[in-house]
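Residues per chain, in single letters:
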Amino acid sequence: MNLLNSIFYTILEMSIVGSLVGIITIIIRNFLRRKIPPKSLTFIWIVFLIILINPIRIQSKFSIWNIFDYKIEYKQDNFENEALDKHTNNIETSNDEIILKLENEKLNIKDMINFKDVITIIYFIVVAVKIIYLTMIHIKISKQNINVIKNKREENLLKKAKEKLNINSEVELINQELVKTPSIYGIMNTKILLTEETLKMSDEEIELILLHELCHKKNGDISINKLLQFLKLIYCFNPIIITIINQIKKDIELSNDESVLKNINNTKVNLYCKTLLKVSLNSNNEVCLGLGIASKANDLEERILMIKEKNNFLRNKIAIILVVVLTIMGITVCFATNKKTEQNNIEYKGSFENNTYEDVVIQNPITGEMKIAANYGKRVHPLTKEEMFHSGIDFIAESGKEVFAIARGVVKDSGYNTQYGNYVEIEHNINGEKIYSFYAQLLKTNVIEGENVDVGYQIGEVGSTGMATGPHLHFEIRNSEKSTMNPAEYLNIYK
């Protein structure tokens, strides 16, 4: 369940960033749509798509998130030691008060965890249902292979269209009624789906339809369409993402119209527009997994305008495309990167050469006064009176306070689980000894697995994201066999 939660909340974070970038891209797109050719316009969506498929965020001082200080304020009561793991609570007050308070907190945390789990389960159930539905549609379309068109008329028109585009791979024509719009389907075994209504059209109209669908194949739009279908499935909960993806599909059709116009005579431009309108009147893309020539009639306005104004796109083309490229780079740097975290100005020794990253300088994981809520070792639980073992030290600190790497090393693990919340584990080489520092209950983390960090590098912020009743840092030291050791032997925390 922890893995599913981690996946879902990563997708949720990517969805939020993607929505912001998508909205800005829509604004830029609407400003440029009649100033540059549709093929050039489609490049502006690259950043948006990269954000939706790439969960990795590098740090940048140019990131727009640098202007936000998103620390969370946490109101503490008189329980100074409340901010510690439940199994190590050590508060000097009456047992009745402690039992009443902790029982209420256990119920609230349990409800919160259950709520997170329920949301995650609902999301994956919805995705699974959609996968089943799309699979059934795919099976229905695949079963129509028996209706392959072998008439000389259609075969000659297909051959003629393929010769114009220099396409040598095999393409089948399928007569079917499931998809009402002429569409191209399949990356490997490519098929063009036609209907009886389409086959009744004139030779010139059918040739234009085939040319349009084959342009999709030549431009690689079939693969892009598969990616868009996958993204719509993953981000099915976000209407902004879905709307933007639908706009990308419309821009693909605009770009494809441009390709068609380059392969037909000017005398056939009006016929091409009429063919689009004629096909759209009988359109039904509700069960279409491929790329159809036309959807609803009211969606054709922009495509017809583009066709009529195609000669105006040549003005200042290079300059405008340059602006688009710079805009894409700006969006990437500003929105697709993380907040730049600053390192402490602490001198260190050693190097990362040969992956030794040996370092004899160790600093505390948080700065300022070190208030300890729970020490390392065995203790008698104040409620159960049972002896229990605490595997680390809990430092009380306000939510959002910076957490730093105690020494130079490499991040071996960074993730989330219900007990520790957000956590980071770093491997160090201290005087020839391999040890691991472990930081848990983090509000957020700033590093990824495999990343090299220096002593004093901010790896996260204090939080209360696991089984805890308040913000604190749970800190452990582990040996090469991952057995815990007393962190006090490595840190300067006692005067």
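Look a little higher up for the structure.
Quick caveat: nothing in here was measured; it's all calculated off a predicted structure. The written sequence of each chain sets the order in which its residues are numbered from 1. Two thresholds apply to this predicted model, a pLDDT of at least 70 for residue-level local features and 80 or more for giving and counting side-chain atom pairs, whereas whole-chain, interface and lining totals are computed over all residues. Hydrogens and waters are ignored; side-chain quantities use all the structure's heavy atoms.

Trainee: Even after reading the chapter, I still don't get the overall build of the protein chain, so can you show me in this structure?
Mentor: Helix and strand assignments follow DSSP, with helices taken as H or I runs no shorter than four residues and strands as E runs no shorter than two, numbered in order from the N terminus. Per the secondary structure count, the protein chain includes 12 helices and 18 strands. Sequence-distant contacts, at least 24 apart, represent 70% of the contacts inside the protein chain between residues at least 6 apart. Exposure was quantified through the Shrake-Rupley algorithm and a 1.4 Å probe, taking into account, for residues, occlusion by the shown protein chains and nothing else. In the structure as shown, the protein chain presents an accessible area of about 25,300 Å², 55% of it carried by carbon and sulfur atoms. Contacts: residue pairs with any heavy atoms within 4.5 Å of one another.

Trainee: Explain the packing of helix 10 (residues 269-281) against helix 11 (residues 301-308) here, please?
Mentor: Axes are the key here: two packed helices are described by the angle between their axes and the distance separating the axes. Contact geometry of helix 10 with helix 11 gives a least axis separation of 11 Å together with a crossing angle of 175 degrees. Overall, the two elements helix 10 and helix 11 adopt an arrangement that is roughly antiparallel. Packed against helix 10, whose contacting residues are Val 269, Tyr 272, Cys 273 and Leu 276, the element helix 11 presents Arg 303, Ile 304 and Ile 307 at the interface. Whenever a helix is involved, its axis is fitted only over the stretch in contact; in every case the axis is a line through C-alpha atoms, and angles between N-to-C directions fall within 0 to 180 degrees. Geometric relationships in this document are graded by angle, where less than 35 degrees denotes roughly parallel, more than 145 denotes roughly antiparallel, 65 to 115 denotes roughly perpendicular, and other angles denote oblique.

Trainee: In this structure, what is going on with the pattern of salt bridges? I would like to understand it.
Mentor: Only one rule defines a salt bridge in this text: a Lys or Arg side-chain nitrogen within 4 Å of an Asp or Glu carboxyl oxygen. Inspection of every chain in the model, using the stated rule, returns 13 salt bridges. Its salt-bridge partner being Glu 425, residue Arg 478 comes within 3.1 Å of it at the nearest N-O pair. Of this pair, Arg 478 sits in strand 17 (residues 472-478) while Glu 425 sits in strand 13 (residues 421-430), and the two are 53 residues apart along the sequence. Residue classification places Arg 478 among the buried residues on the basis of a relative accessible area of 14%. Linked through salt bridges whose partners overlap, the residues forming this network are Glu 425, Glu 476, Arg 478 and Lys 482. For every residue, the accessible area (1.4 Å probe, protein chains only) is compared with the maximum for its type, and the residue is labelled buried under 20%, exposed over 50%, or partly exposed between those bounds.

Trainee: Just checking my understanding: could you explain the sheet that holds strand 5 (residues 291-292) for this structure?
Mentor: Hydrogen bonding along the main chain pairs the strands of a sheet, whether they run parallel or antiparallel. A pair of strands is labelled paired if DSSP reports no fewer than 2 bridges between them. Strand order in the open sheet formed by four strands is 2-4-3-5, and the pairing between neighbours is mixed. Pairing within the sheet leaves two strands with one partner each, and these edge strands are strand 2 (171-175) and strand 5. The sheet contact formed by strand 3 (residues 183-185) and strand 5 spans two bridges and is antiparallel. Each bridged residue has a counterpart across the sheet, and for Ser 183 the counterpart in strand 5 is Gly 292.

Trainee: What is the right way to look at helix 11 in this model?
Mentor: Because each turn of an α-helix spans 3.6 residues, side chains separated by three or four positions end up pointing in the same direction. Buried within helix 11 are the following residues: Arg 303, Ile 304, Met 306 and Ile 307. One face of helix 11 carries all of its buried residues, which in axial projection span an arc of 160 degrees. Opposite the buried face of helix 11, at more than 90 degrees from it, the exposed residues are Glu 301 and Lys 308. Lining the buried residues of helix 11 we find helix 2 (38-41), helix 7 (203-219), helix 9 (239-261) and helix 10. Think of it as the arc spanned by the lines of direction from the helix axis to the C-beta atoms.

Trainee: Help me understand the side chain of Ser 15, please; the structure alone is not making it clear to me.
Mentor: Following the sequence through the fold, Ser 15 ends up in helix 1 (residues 2-32). Of the residues examined, Ser 15 reaches a relative accessible area of 2% and is grouped as buried. In this view, Ser 15 contacts Tyr 235, Phe 237, Asn 238 and Ile 241; residues no more than four positions away in its chain are not counted.

Trainee: So what exactly am I meant to see when it comes to the nonpolar core here?
Mentor: Side chains of a nonpolar character, in soluble globular proteins, are inclined to be buried together. Definition of nonpolar core: a set of buried residues of the types Ala, Val, Leu, Ile, Met, Phe, Trp, Tyr and Cys, connected through side-chain atoms within 4.5 Å. Of all hydrophobic cores here, the largest spans 37 residues; its most connected members are Ile 192, Leu 194, Leu 210, Leu 214, Tyr 272 and Ile 307. Among the elements of the structure, helix 5 (152-165), strand 2, strand 4 (190-194), helix 7, helix 9, helix 10 and helix 11 are those that each provide at least two residues to this core. Looking at this core, the element that brings in the most residues is helix 7, giving seven residues. Excluding its chain neighbours within four sequence positions, the residues that come into contact with Ile 307 are Leu 261, Val 269, Tyr 272, Cys 273 and Leu 276. By size, the runner-up hydrophobic cluster in this structure holds 28 residues, among which are Phe 395, Ala 405, Tyr 439 and Phe 475.

Trainee: What exactly am I supposed to notice about the packing of helix 3 (residues 46-53) against helix 9 here?
Mentor: At their nearest, the axes of helix 3 and helix 9 sit 12 Å apart, and the two run at 135 degrees to each other. What the angle tells us is that helix 3 and helix 9 run oblique. Handedness of the helix 3/helix 9 crossing: left-handed. Along its contact with helix 3, which presents Phe 48, Leu 49 and Leu 52, the element helix 9 presents Ile 241, Ile 244, Ile 245 and Ile 248. Per-class residue counts for the contact of helix 3 with helix 9 are seven nonpolar, no polar and no charged. Helix crossings are classified by the rotation of the near helix relative to the far one: an anticlockwise turn of less than a right angle makes the crossing left-handed, while a clockwise turn makes it right-handed. Put simply, Ala, Val, Leu, Ile, Met, Phe, Trp, Tyr, Cys and Pro go in the nonpolar bin, Asp, Glu, Lys and Arg in the charged bin, and everything else, Gly too, in the polar bin.

Trainee: Any chance you could explain the side chain of Asn 422 here in plain terms?
Mentor: Looking at the secondary structure, you find Asn 422 in strand 13. The class of Asn 422 is buried, set by a relative accessible area of 18%. Counting of polar contacts relies on pairs of N or O atoms within 3.5 Å, with two restrictions inside protein: one atom must be capable of donating a hydrogen and the other of accepting it, and residues adjacent in sequence are counted only when both atoms are side-chain atoms. A distance of 3.3 Å separates a polar side-chain atom of Asn 422 from the backbone oxygen of Leu 443. With residues up to four places along the chain from it excluded, the contact list for Asn 422 reads Gly 415, Tyr 416, Tyr 439, Ala 440, Gln 441, Leu 442, Leu 443, Lys 444, Thr 445 and Thr 465.

Trainee: Help me out: how do you make sense of the packing of aromatic side chains in this one?
Mentor: Given two aromatic rings, one states the distance between the centres and the angle between the planes to describe the pair. Two aromatic rings, drawn from Phe, Tyr or Trp (for Trp, its six-membered ring), form a pair once their centres lie within 6.5 Å of each other, and the interplanar angle then sorts them: stacked below 30 degrees, edge-to-face above 60, tilted otherwise. Per the counting criterion, the structure on display carries 10 aromatic pairs. Taken together, a centroid distance of 6.1 Å and an interplanar angle of 75 degrees make the contact between Trp 45 and Phe 48 edge-to-face. Under the relative-accessibility criterion, Phe 48 is labelled buried at 0%. When the ring of Tyr 235 is compared with that of Phe 237, the centres are 6.4 Å apart and the planes differ by 50 degrees; the resulting orientation is tilted. Cluster of aromatic residues (ring-pair linked, three or more members): Phe 8, Tyr 123, Phe 124, Tyr 235 and Phe 237. Across the ring face of Phe 438, the terminal group of Arg 478 is positioned such that the distance to the ring centre comes to 4.0 Å. Counting as a charge over the ring demands two things of the Lys NZ or Arg CZ atom: a distance within 6 Å of the ring centre and an angle within 35 degrees of the ring normal. For Lys 482, the ring lying beneath its charged end belongs to Tyr 436, and the centroid distance is 4.6 Å.

Trainee: Mind showing me how you'd approach helix 7 here?
Mentor: Between the first and last residue of a helix there are one fewer steps than residues, each counted as 1.5 Å, and that sum is the expected span. Over its 17 residues, helix 7 runs 24 Å from end to end, which matches the ideal 24 Å to within 8%, given 1.5 Å per residue. Where burial is concerned, most of helix 7 is hidden: 12 out of the 17 residues are buried. Those residues of helix 7 not exposed but buried are Glu 205, Ile 206, Glu 207, Leu 208, Ile 209, Leu 210, Leu 211, His 212, Glu 213, Leu 214, Cys 215 and His 216.

Trainee: What am I meant to see in the environment of Glu 155 here?
Mentor: Mapped onto the secondary structure, Glu 155 falls in helix 5. Spatially, the C-alpha atom of Glu 155 lies 8.2 Å from that of Leu 173, the residues being 18 residues apart in sequence. Each residue touching Glu 155, except ones within four places of it in the same chain, is listed here: Ile 149 and Lys 150.

Read these as layout, nothing more, since geometry by itself doesn't imply function.
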